[in-house]
Amino acid sequence: MAEPLIELRAVTKRFPGMKALDGVDFQIFPAEIVCLAGENGSGKSTLIKIVSGVYDFDEGELLVDGKPVADFGPRAAIAAGIQVIYQDFSLFPSLTVAENLALNRLLSEGRTFVDPKRRRQLGAEALARLDVAIDLDATVGTLSTADRQIVAIARALMSDTRLLIMDEPTTALTGREVDRLFAIVREIQAKGIAVLFVSHKMREMLEISERITVFRNGRKVEEGPTGEFNEARITRAMTGHDIGHERHVWAGDDTEAPRLSVRGLSAGETVRGVDLDLHKGEIVGLSGLLGSGRTELAMALFGMEPHTGEIRLDGTPLRLASVQDAVAAGIAYVPEDRLSEGLFMRQPIARNVIASAIGRATRGPFLDGDRLNALAEQTVSDMRIATPDIDKHAGQLSGGNQQRVVIGRWLLTNPKVLILNGPTVGVDVGSKAEIHRRIRELAASTGLAVLMISDDVPELIQNCNRILLMHRGEIVDRLDARSVEEDDIHGRLKGLR
Amino acid sequence: MRKTLISLAAGLSMLALPAFADGVVDVSQARKDISADAAGKTFSIATVVKVDGIAWFDRMRDGVKQFGEDTGHDVWQVGPSQADAAAQVQLIENLIAQGVDAICVVPFSVEAVEPVLQKARDRGIVVIAHEASNLKNADYVLEAFDNKAYGAKLMEVLGESMGGKGKYLATVGSLTSQSQNEWIDGAIAYQKEHFPDMSLATERLETYDDANTDYNRLSEALTTYPDVTGIVGGPMPTSAGAGRLIAERGLKDKVFFSGTGLPSVAGKYLQDGDIQYIQFWDPAVAAYAMNTLAVMALTDKKDEIKAGLNLGLKGYESLTTPAGASPNLLYGQGWVGVTKDNMADYNF
Amino acid sequence: MTAVSKLLRRSETAVLAILIVVMLVIGVINPAFWQADNLFNLLRANVVIGIMALSVLTVMISGGIDVSFPAFAVAAMYLTVIAMNAAGYQGVVLPFIGATLIGLLCGLANAFFIHTFRMIPLIVTLGSASVVRGLLLGLVGTSIINIDRMPPSLIAFGSSTVDIGGSKLSLMIFIYLGIAVLMWLFLTRTMAGRAVFAYGDDAESAKRVGFNTRRTVYLVYGLAGALAGFAGLLHSSMIWLANPRDFVGYELDVIAAVVLGGASIFGGRGSVFGTILGVFMLTLIKNSLIIMRIDNTWQGVVVGCVIVIATALTAWRDRKALV
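Predicted model, so just to flag it, every value in this text is computed and none were measured.

Draft legend 1. Spotlight on the packing of aromatic side chains. According to the stated counting rule, one finds 22 aromatic pairs over all chains in the structure shown. When the centroid spacing of 5.9 Å and the interplanar angle of 70 degrees are considered together, the rings of Phe-182 of chain A and Phe-197 of chain A count as edge-to-face. Remark: Phe-197 of chain A occurs in strand β8 (residues 194-198) and Phe-182 of chain A occurs in helix α6 (residues 175-190); sequence separation between them is 15 residues. Through pairs of rings, three or more aromatic residues link up here, namely Phe-145, Tyr-150, Trp-183, Trp-281 and Trp-335 of chain B. In this structure, Lys-13 of chain A is placed above the aromatic ring of Tyr-55 of chain A, and the distance from its NZ or CZ to the ring centre is 5.3 Å. The side chain of Arg-194 of chain C reaches across the aromatic face of Phe-197 of chain C, ending 4.4 Å from its centre.

This is the structure:
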């Protein structure tokens, strides 16, 4: 094999009180696709930052093209052909696509004046290299996330890039968009550029990468060709133990009256005549392509989307004209985007937990601090939220713990129906298993009926007793989770396109 | 777009002072019975002005200072750093707390100071007001002149310039400015009586005491009413704004001007014949007169304070009270008219 | 997307359309509006406010806000005129350079605080405005320099006109337009100008891409101060007096004009052409109330309504464009 493009030898990086990386050896060879796996805090972000020159390290050696480099800073990294695409893309939303693409080049050339023609030409070249069509004159703020990501990739490839690092690139993408991204990644590889991938999604890791490196607690625990891995092995390496793939067994009786019964529910053009039953203790999965109407269905059930049709809860007809109506009836909803729709990032955990059930922590018109703290502590332990204390801000928690705060908050309202939209998006594997286990326990022990909306097919199969597929506003498939295979669902979803 | 109150006489500069080496006010005839020695007591008297630091009130301060030096009383002047009714009220509150003997006030807003002045009088503090003929809570309101007579004088000159016929415009700094609106009332009344062939083209223009606003408003009004041939100006900046408009547009001898102004502000236009007449009064003398009146009120000379009183100051030799007005409203005849011919006599 | 639909999506187009409607309405109410004298006077009224608006535009594109420019303008104007009187200097070029430099220094002081201490621009500029005005009135003087003491060279410069069909158009218009063209070139055709946009859009990304953000902050506030200083002296030479308390309340007018012209208060967006239109809209409304024969008591209401409606229309149109 050729010489590694970049190599770390016994690199250790310390932060006050901890070793973020502990004697790590790591190589990337030209034109290979490497996946970096690990839970939050395992050291993979630190590794990326060292490779891109953002962090200095305390011990060990860094070699570029086989030669040791001292003082490897951001400029040196760029000079070595290393480009990073951050999760926020670092694009300029008010500027045009062409300008976003051309800025780096124009800057590195040290220009004083801007020639709009040349700017446009540079932009066109960059997109042509990836063989994608995006309007060069559109402002980036008007593009979809997937297109923005492509712009970010195209920009990164403008310079003589030899290694492209992508941090969680698929988090905000739909299935089809992921396919397009992978096609682009393979094209990049074909040009001789190495790609370092960081992802939580094992299916994707296995699909795209040639080599997988797994980190745990600052150490490299497994490394090898992708062919030698499967999901169970990666999971074991990441968490240090096996995570059982139990399935949800529903012991209920479907002749009994359903907890939630929906008949002929329509919301504009997006939801059209949906019939749906949720029994006590059931976890029903709902999947479909983006735009299938699944989120609108959830919003209608939560009183956020005007709708027609009949909704009954334990046999009583409901009028859900607002969120307040839904909450009062006992319906809880955990939105897709917990950053913008669910959490108050700058508020302590305790307040976040109590936000939907504030009535339980008041005495007369006043907030009762003791009761509030007691409820918060209870939620933290029930949901196994990893935090030293309840006064920490929600923004300081990891994605998985944030999600637990949101779910825990709704459980405090003692809901009868819980709607989860993408419950484990951006949550690492260990944390994900915890959340799943907790949801299954709740359904089994309290009779909570759960509607779980997700793109993550294994997640649905593991947790649901029934799975519904939605397309163009209608439910087109009703599957029994016990008898259905993952590939079957993938096939059906692909067939809907 | 409320401009800072520029008020009048912004051109009164320090450079003008050497001409009055012995003090700014001619006191050769001033009353001698009001000094601290004569009264047997040193009174503390504060003069509260609309805004501190502008030339008009700087000159008023000179009058206050001179009064202190001449009589030995403890007198001083204060004013808010920004023209602001609430700030002025606060200053008066502070003076009440200090326990002064008398307050001479040039109110920014008559309505705003009524309650606090009532409080002052309830505590036995003598209140003398200036430029506030409708103020109720004052022992005496001393005006440099009858506002209507002042306005009538402006119209007398303008009417002659316009040959007794044609349309004219009128400006005020603010529609709530009591005295300026009374000047214009007086001017319009005089016009109706003596120049029946003249008429006011449109309601009075509000120019926020800013010469540039004067310029823009007048320019706009001349577009809207092209047959206007005269301007009567209430606020001082109009003399500069109108002068510049007439000079720049070449309207000399087509549009005439008569209004409040100082030689330093509008003398150039007067000299060039762009405008015809400006009129003003001296705040230093007014301050001296207010303080004189305050001491008289404090020394049991209240009986003397009535129409016909002679304060021994130029323009305040024989105060008058308009018919039907309350007897504590006193007017002088303290205005000065300036034309091209006598402007050399005034160096401020 | 066709060229026409692109044009329609630009926020300037909306402002221009509203502007034309407003002008037509005023013209119907009073045809005298269309007289050359009136139109020329309107244009003239744009000059000083317009230059100040260009200074604020740059700051707003960078994601900041500047309320200190009226104070800097007044300081530059008053100090320069006083210096000219003290030296007995009669000229034009040097004083304008001087006023511009005074503004520049004040602006750089803003930049120093904003960049070094990461302070909020609103607070910094509120503070510097207060300090500059206070020092000017406290140390330098409070009295207006009237026409009798104004340097004749300045008056002659400010009153230079060109005769068009018997009406006089102030040459200062061309100074304004010249500055506007230079600002347009700077903002759209130089890397430093694009850095202002990038910085306003996302300061962190601008740093990652490799812009020198420190230089950008100094450039933005220095330029804003310099333009304000220049505008201050120009104002004085156009109105033939120098008032050390002038420009009070200009902050809001100018910021309103810039926002009216399509600039975003969150940074990253704004254009020279839009700003020129916004300024024209504002001066048009403010200087046509008498022509429309609107009663004194209603003038404030009309100005407020037009600004709110015009801004709402552009904002509404922008939102639609984004969807």
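Draft legend 2. The arrangement of a nonpolar patch on the surface in detail. Residue and element names in this part refer to chain C. Taken together, the side chains of Phe-112, Phe-113, Phe-117, Met-119, Ile-120, Leu-122, Ile-123 and Leu-126 make up a nonpolar region of the molecular surface, amounting to roughly 740 Å² of accessible area. Among the secondary structure elements, those contributing two or more residues to the nonpolar patch are α5 (93-116) and α6 (121-140). The greatest single-element share of the nonpolar patch, amounting to 3 residues, is contributed by α6. The topology assignment puts Leu-126 in helix α6.

Draft legend 3. Fine view of the side chain of Ser-261 of chain A. Residue and element names in this part refer to chain A. Relative to the helices and strands, Ser-261 is located in strand β11 (residues 260-267). Judged by relative accessible area, which is 10%, Ser-261 ranks as buried. Those residues in contact with Ser-261 that lie beyond four places of it in its chain are Leu-276, Asp-277, Glu-310, Ile-311 and Arg-312.

Draft legend 4. The packing of helix α5 (residues 145-156) of chain A against α6 of chain A, seen in detail. Residue and element names in this part refer to chain A. Interhelical geometry of α5 versus α6 gives an angle of 10 degrees and a closest axis separation of 11 Å. In terms of their interaxial angle, α5 and α6 are classed as roughly parallel. Counting all contacts with α5, which are made through Ala-146, Asp-147, Gln-149, Ile-150 and Ile-153, the residues of α6 involved are Glu-177, Arg-180, Leu-181, Ile-184 and Ile-188. The residue makeup of the contact of α5 with α6, split by class, is 6 nonpolar, 1 polar and 3 charged.

Draft legend 5. Structural view of the pattern of salt bridges. The full count for this structure, using the stated rule, is 46 salt bridges over all chains. For the salt bridge of Asp-185 of chain B with Arg-204 of chain B, the shortest nitrogen-to-oxygen distance reads 3.0 Å. Note that Asp-185 of chain B is positioned in helix α6 (residues 178-194) and Arg-204 of chain B in the loop between β7 (198-200) and β8 (205-206), a separation of 19 residues in sequence. What makes Arg-204 of chain B buried here is its relative accessible area of 17%. One network of salt bridges, in which partners are shared, links Glu-32, Arg-211, Lys-220 and Glu-223 of chain A.

Draft legend 6. Looking closely at the environment of Ala-156 of chain C. Residues and elements named next belong to chain C. Counting through the fold element by element, Ala-156 comes out in helix α7 (residues 152-158). Accessibility expressed as a relative area gives 48% for Ala-156, which makes it partly exposed. Residues Ala-156 and Ser-237 lie 81 residues apart in sequence; the distance between their C-alpha atoms is 7.9 Å.

Draft legend 7. Spatial organisation of the interface of chain B and chain C. Taken together, the contact between chain B and chain C spans 42 residues of the former and 39 residues of the latter. Buried area between chain B and chain C, both sides added, is near 3,300 Å², and the carbon and sulfur share of it is 49%. Across the contact surface, chain B and chain C share 1 salt bridge. We note a salt bridge from Glu-248 of chain B to Arg-44 of chain C, for which the minimum N-O separation is 3.4 Å.

Reading the values: the criteria
Residues numbered from 1 in each chain as written. Chains lettered and ligands numbered in written order. Predicted model: local features only at pLDDT ≥ 70, side-chain atom pairs only at ≥ 80, totals over all residues. Heavy atoms only, no water. Phe/Tyr/Trp six-rings, centres within 6.5 Å; stacked < 30°, edge-to-face > 60°. Helix = DSSP H or I, 4+ residues; strand = E, 2+ residues; numbered from the N terminus. Lys NZ or Arg CZ within 6 Å of the ring centre and 35° of its normal. Patch = residues over 30% accessible without salt bridge, like charges linked within 9 Å, V, L, I, M, F, W, Y side chains within 5 Å. Areas by Shrake-Rupley, 256 points an atom, 1.4 Å probe, with all protein chains shown as cover. Salt bridge = Lys/Arg side-chain N within 4 Å of Asp/Glu carboxyl O. Buried < 20%, exposed > 50% of the residue type's maximum accessible area, 1.4 Å probe, protein only. Contact = heavy atoms within 4.5 Å. Axes fitted to C-alpha atoms, helices over the stretch in contact; angles between N-to-C directions. Parallel < 35°, antiparallel > 145°, perpendicular 65-115°, else oblique. Nonpolar A, V, L, I, M, F, W, Y, C, P; charged D, E, K, R; others polar. Buried area = accessible area lost by both parts, 1.4 Å probe.

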